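Close look at the chain arrangement
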Amino acid sequence: QVQLVESGGGLVQAGGSLRLACTASGLIISDYVMNWFRQAPGKEREFVAAISGIWSGRDTYYSDSLKGRFTISRDNAKNTLYLQMNSLRPEDTAVYYCAAKRPGDINYNYWGQGTQVTVSS
């Protein structure tokens, strides 16, 4: 059974930092394109960042609006995906989800349950 479990969310003041983690079981994250998404209240889920699998190194991709503040990374030994978030803003408040996608697939194969991030002004 595949599980993606996010952690690290919480309440932080504007300008602060958080590091989210997504620990996987039942799959090897380096075999997948691993992604972070977020969904703010009343808004659609949006792409945050992605990191490619072991076959292409650790290519990373970011939403243009977040590039420079957020960093995605992967620890293969721990089978864990991370999202380092710096200079947080109130508009970053959302539920953050990790998702795994097999190379070549259109749809995302697995999703976590999400972790809440709240940034106070």
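A brief report on the enclosed structure follows. (Residues numbered from 1 in each chain as written. Predicted model: local features only at pLDDT ≥ 70, side-chain atom pairs only at ≥ 80, totals over all residues. Heavy atoms only, no water.)

**Details of the packing of aromatic side chains**
Counted according to the given criterion, the structure contains five aromatic pairs. With centroids separated by 5.8 Å and ring planes inclined at 80 degrees, the aromatic side chains of Phe37 and Phe47 adopt a geometry described as edge-to-face. Taken together, the positions of Phe37 in strand 4 (residues 33-39) and Phe47 in strand 5 (residues 46-51) put the pair ten residues apart, joining distant regions of the chain. Residue Phe47 is classed as partly exposed on the basis of its relative accessible area, which comes to 28%. Summarising the aromatic geometry, the rings of Phe37 and Tyr108 are spaced 5.1 Å apart at their centres and angled 85 degrees between planes, so their arrangement reads as edge-to-face. Here Tyr108 lies in the loop between strand 9 (94-101) and strand 10 (110-111) and Phe37 lies in strand 4, a separation of 71 residues in the sequence. Residue class for Phe37 comes out buried when judged on its relative accessible area of 9%. If you follow Lys101 out to its NZ or CZ, it ends over the ring of Tyr108, 5.7 Å from the centre. (Phe/Tyr/Trp six-rings, centres within 6.5 Å; stacked < 30°, edge-to-face > 60°. Helix = DSSP H or I, 4+ residues; strand = E, 2+ residues; numbered from the N terminus. Buried < 20%, exposed > 50% of the residue type's maximum accessible area, 1.4 Å probe, protein only. Lys NZ or Arg CZ within 6 Å of the ring centre and 35° of its normal.)

**Let's talk about the sheet that holds strand 1 (residues 3-7)**
Strand order in the open sheet formed by four strands is 1-3-8-7, and the pairing between neighbours is antiparallel. Each edge of the open sheet carries a strand with a single partner, namely strand 1 and strand 7 (70-75). Sheet twist, expressed as the mean angle between neighbouring strand axes with direction ignored, is 15 degrees. Looking at chain direction, strand 1 and strand 3 (residues 18-25) are connected through five bridges and run antiparallel. Bridge assignment links Gln3 to a residue of strand 3, and that residue is Ser25. (Pairing = 2+ DSSP bridges. Axes fitted to C-alpha atoms, helices over the stretch in contact; angles between N-to-C directions.)

**Points about the pattern of salt bridges**
On inspection of all chains with the given rule, the structure shows four salt bridges. Across the pair Arg38 and Glu46 runs a salt bridge, and its minimum N-O distance is 2.6 Å. A salt bridge links Arg102 to Asp105, with the shortest nitrogen-to-oxygen separation between them at 3.6 Å. Judged by relative accessible area, Arg102 falls into the partly exposed class, the value being 34%. Relative accessible area serves as the criterion here: at 29%, Asp105 is assigned to the partly exposed category. (Salt bridge = Lys/Arg side-chain N within 4 Å of Asp/Glu carboxyl O.)

**Notes on the nonpolar core**
Core analysis: the biggest nonpolar cluster contains 29 residues, and Trp36, Leu83, Met85 and Tyr96 have the highest contact counts within it. The set of elements that each furnish at least two residues to this core consists of strand 3, strand 4, strand 5, strand 7, strand 8 (80-85), strand 9 and strand 11 (115-120). Dropping the residues within four chain positions of it, Met85 is found in contact with Gly16, Ser17, Leu18, Leu20, Arg69, Phe70, Tyr96 and Val117. (Core = buried A, V, L, I, M, F, W, Y, C linked by side-chain atoms within 4.5 Å. Contact = heavy atoms within 4.5 Å.)

**Details of the environment of Ser7**
Mapped onto the elements of the fold, Ser7 is located in strand 1. If we skip the residues at most four places from it in the chain, Ser7 touches Arg19, Leu20, Ala21 and Thr115.

**Side note on the pairing of strand 4**
By the criterion of burial, strand 4 is predominantly enclosed, with six of the seven residues buried. As defined by bridge partners, strand 4 adjoins strand 5 across five bridges and the pair is classed as antiparallel. When the sheet's bridge partners are listed, Phe37 is paired in strand 5 with Phe47. The antiparallel hairpin formed by strand 4 and strand 5 contains six residues in its connecting segment, where Gly42 sits at a positive phi of about 75 degrees.

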